[in-house]
Amino acid sequence: MVALKSHNSAFCPKCYKSFFLRQVSRGIESQKLFTRDDRILVALSGGKDSLGLMLALSLLGYTAVGLHVDLGIPGSSAAARGVTERFCARHGFKLLVRETAAEGLPIPLVKERLRRPVCSVCGKIKRRLFNEVTVREGFDALATGHNLDDETARLFSNVLRWDAAYLADQGPFLEAEAGFARKVKPLWRLTEFETANYAFLMGIENHYAPCPYSPGATFSSLKSLLRRLEASMPGRKLDFYQSFLERGRSFFTRSQPEKATLLAPCPLCGYPTSSGGECGVCRIRMALEEKSV
Ligand code: AMP
Ligand code: FES
Ligand code: ZN
């Protein structure tokens, strides 16, 4: 049995799988993330969330293709890629793979040569590749496996700083604009515990590996704080996030200038950027090249 206090219910394995799919479906439909006519590119890290999402989307009748970004980190990336490839082969899912090293951006070199925190640079590179493939291959949206714990921790962090620009953009749906693909997070109603249970019950082999370069997972202290809150007030996390979407977010959206008006093509690669010069990824590439001479 899987007991969920937040839903005041307990499920046998069969009913739990139906519950999970219903929650994914509700998450997609209530926020109009996409329809069954759309082609979705799912970013697959090899972790339980993204693999579970891919399987759920396919069982719900959506058209989904996987994308794995191989970061080239020794002792970690090969395992993540292997798990992703075996999962896609087992279920007959199409998988695209991009390697950061092939783009002149191997992550171990980023760590060795740049003084900036490696995980934030890595995140920037991943997001660029996700977006490029989604736009170039004509997908309607890019889906990631972010769950309710990821989303509420990020929301809480943005609220603690009252970061209006980040709050305006936060949510499971980010509309496409000027060279940027639509981004969606269909697991926003499900907690980490719930996606872990689904992956376990569906027999999904996954790669649990926090980034080897990062001492702690992103937002880990905020996540444990919210977990304690949830333990004493079941359902609070989903309510916090959902109420933000329904009643809070519009206040921040209204106060932001149109992003498209701030964008210009990068003089080196043509990618839209608000930096006023070369885009962030070209700057990373240049910094790596400078340090290698
Ligand atoms: P993380 O920031 O590592 O928690 O990952 C959040 C989401 O980003 C995952 O659920 C995936 O959808 C996606 N993702 C992270 N790393 C990769 C990767 N190397 N390749 C493809 N997708 C990824
Ligand atoms: Fe990629 Fe840390 S180096 S997330
Ligand atoms: Zn560029």
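Up top is the structure.
Rules of the game
Residues numbered from 1 in each chain as written. Chains lettered and ligands numbered in written order. Predicted model: local features only at pLDDT ≥ 70, side-chain atom pairs only at ≥ 80, totals over all residues. Heavy atoms only, no water. Donors = N, O, S within 2.8 Å, 3.2 Å for Na, K, Ca; no water. Helix = DSSP H or I, 4+ residues; strand = E, 2+ residues; numbered from the N terminus. 1 Å grid on protein atoms, 1.4 Å probe; cavity = no way out; pocket = protein on both sides within 12 Å on 5 of 7 lines; lining within 4 Å. Points joined across faces, edges and corners; volume = space filled by probe spheres on them. Nonpolar A, V, L, I, M, F, W, Y, C, P; charged D, E, K, R; others polar. Buried < 20%, exposed > 50% of the residue type's maximum accessible area, 1.4 Å probe, protein only. Contact = heavy atoms within 4.5 Å. Pairing = 2+ DSSP bridges. Right-handed = clockwise from strand over helix to strand, strands pointing away.

Q: Describe in detail the coordination of the zinc ion (ligand 3), supporting the description with residues and values.
A: Surrounding the zinc ion (ligand 3) are the protein donor atoms Cys266 (SG), Cys269 (SG), Cys279 (SG) and Cys282 (SG), at 2.2 to 2.3 Å. Counting along the primary sequence, the residues that act as donors to the zinc ion (ligand 3) give the motif C-x2-C-x9-C-x2-C. Of the two residues, Cys266 sits in the loop between β9 (264-265) and β10 (272-273) while Cys282 sits in helix α11 (residues 280-292), which places them 16 residues apart along the sequence.

Q: Please give an account of the layout of surface pockets that cites residues and values.
A: Counted as a void, the second largest pocket has a volume near 340 Å³. Those elements that place two or more of their residues in the lining of the second largest pocket are β1 (2-4), α6 (148-160), α8 (192-201), α9 (220-232) and α10 (236-254). Each residue belonging to the lining of the second largest pocket can be placed in one class, and the counts come to 7 nonpolar, 3 polar and 8 charged.

Q: Which residues make up the side chain of Asn158, and what are the values?
A: When you line up the elements, Asn158 lands in helix α6. For Asn158, a relative accessible area of 2% puts it in the buried group. Those residues in contact with Asn158 that lie beyond four places of it in its chain are Asp163, Tyr166, Leu167 and Gln170.

Q: I'd like to hear about the environment of Gln31, residue by residue, with values.
A: With respect to the helices and strands, the residue Gln31 is situated in the loop between α1 (13-30) and β3 (39-43). Separated by 91 residues in sequence, Gln31 and Cys122 have C-alpha atoms that sit 29 Å apart. When residues no more than four places from it in sequence are discounted, the contact partners of Gln31 are Pro172, Phe173, Trp188, Leu245 and Arg249.

Q: Can you tell me about the pairing of strand β4 (residues 63-70), naming the residues and giving the values?
A: Where burial is concerned, most of β4 is hidden: 7 out of the 8 residues are buried. Both β3 and β4 contribute to a ladder of 5 bridges, which runs parallel. When the sheet's bridge partners are listed, Ala43 is paired in β4 with Leu67. Where the polypeptide runs from β3 across helix α2 (residues 48-59) and back to β4, its parallel neighbour, the crossover connection is right-handed. Both β4 and strand β5 (residues 95-99) contribute to a ladder of 5 bridges, which runs parallel. Across the sheet, Gly66 pairs through a bridge with Leu95, a residue of β5. A crossover links β4 with its parallel partner β5, the connecting element being helix α3 (residues 77-91), and its sense is right-handed.

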